[in-house]
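Analysis of the macromolecular model
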Amino acid sequence: MASQSSPAGVVLGALETEIMNVLWNAPDPLSVREVLDEVNEKRASPLAYTTVMTVLGRLADKGATTRTKQGRGYLYTAAVVDEAALAVREVLRDFGAAAVAHFVDEARGTPELMARLERLMREGDGT
């Protein structure tokens, strides 16, 4: 699924977003070289292999990607469907139940959002 990156790259920086877009659009896990080749196709100034390798490692540390050992390297897959999912994961990790309570309070102010939240909650519990 392609990302709709946030205007200021709230959770991900510009290069991280560029790399995640490659992973979000990939049907299979990719090596550093494959990500590098894809990213460099769209850039005027090509990136170095080590730059992409470092960014992919940092994305794995953030939980945005998963990596699987293959030979001497790794294959990378997006661990979240978009940047919003990563942001929610980080907020819940940092603030837990308080974040959920504030989210619901904010949703109450927007009837369409509250209706969607209620629908999602019903679907999630099988009713």
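Residues numbered from 1 in each chain as written. Predicted model: local features only at pLDDT ≥ 70, side-chain atom pairs only at ≥ 80, totals over all residues. Heavy atoms only, no water.

Within the protein, the secondary structure is distributed over 5 helices and 3 strands. Within the span of the protein, comprising 127 residues, buried residues form 29% of the whole. Sequence separation of 24 or more characterises 44% of the internal contacts of the protein that already satisfy a separation of 6 or more. Only carbon and sulfur atoms are counted for the fraction: they give 56% of the accessible area of the protein, which is about 8300 Å². (Helix = DSSP H or I, 4+ residues; strand = E, 2+ residues; numbered from the N terminus. Buried < 20%, exposed > 50% of the residue type's maximum accessible area, 1.4 Å probe, protein only. Contact = heavy atoms within 4.5 Å. Areas by Shrake-Rupley, 256 points an atom, 1.4 Å probe, with all protein chains shown as cover.)

The full count for this structure, using the stated rule, is 6 salt bridges. Of the charged contacts in the structure, one is a salt bridge between K62 and E16, with a shortest N-O distance of 3.0 Å. Placement of K62 in helix α3 (residues 49–62) and of E16 in helix α1 (residues 14–24) is noted, with a sequence separation of 46 residues between them. Accessibility expressed as a relative area gives 14% for E16, which makes it buried. (Salt bridge = Lys/Arg side-chain N within 4 Å of Asp/Glu carboxyl O.)

Turning next to the pairing of strand β2 (residues 65–70). Both β2 and strand β3 (residues 73–78) contribute to a ladder of 6 bridges, which runs antiparallel. When the bridges of β3 are listed, T66 appears paired with T77. The antiparallel pairing of β2 with β3 creates a hairpin that spans 2 residues between the two strands, and G71 there sits at a positive phi of about 60 degrees. (Pairing = 2+ DSSP bridges.)

Once that is clear, we can look at the nonpolar core. I19, V35, V52 and L56 are the most contacted members of the largest nonpolar core, which has 21 residues in total. Looking at this core, the elements that each hand over two or more residues are α1, α2 (32–41) and α3. With 5 residues, α1 is the largest single contributor of residues to this core. Apart from the residues within four sequence positions on either side, L56 is in contact with I19, L23, V32, V35, T65 and Y76. (Core = buried A, V, L, I, M, F, W, Y, C linked by side-chain atoms within 4.5 Å.)

For the rest of this paragraph, the subject is the packing of aromatic side chains. Each aromatic ring pair is described using two quantities: the centre-to-centre distance and the angle formed by the ring planes. Per the stated rule, a full pass over the model turns up 1 aromatic pair. The side chain of R67 reaches across the aromatic face of Y74, ending 5.1 Å from its centre. K69 extends its terminal NZ or CZ atom over the ring of Y74, reaching a point 5.0 Å from the ring centre. (Phe/Tyr/Trp six-rings, centres within 6.5 Å; stacked < 30°, edge-to-face > 60°. Lys NZ or Arg CZ within 6 Å of the ring centre and 35° of its normal.)

Now for a negative patch on the surface. Among the surface-exposed residues, D28, E34, D37 and E41 lie close enough to one another that they form a single negatively charged patch. Its place among the elements puts D28 in the loop between α1 and β1 (30–31). (Patch = residues over 30% accessible without salt bridge, like charges linked within 9 Å, V, L, I, M, F, W, Y side chains within 5 Å. Lys, Arg positive; Asp, Glu negative; His and termini not counted. Charge placed at Lys NZ, Arg CZ, Asp CG, Glu CD.)

Between two packed helices, the angle of one axis relative to the other and the distance separating the axes together describe the packing. Viewed as axis vectors pointing N to C, α2 and α3 meet at an angle of 110 degrees, and their least axial separation amounts to 9 Å. By the criterion of interaxial angle, the relationship of α2 to α3 is roughly perpendicular. Judged by the sense of rotation from one axis to the other, the crossing of α2 with α3 is right-handed. Residue-level contacts link V32, R33, V35 and L36 of α2 to Y49, V52, M53 and L56 of α3. For the contact of α2 with α3, the residue count by class is 7 nonpolar, no polar and 1 charged. (Axes fitted to C-alpha atoms, helices over the stretch in contact; angles between N-to-C directions. Parallel < 35°, antiparallel > 145°, perpendicular 65-115°, else oblique. Left-handed = near helix turned anticlockwise from the far one by under 90°. Nonpolar A, V, L, I, M, F, W, Y, C, P; charged D, E, K, R; others polar.)

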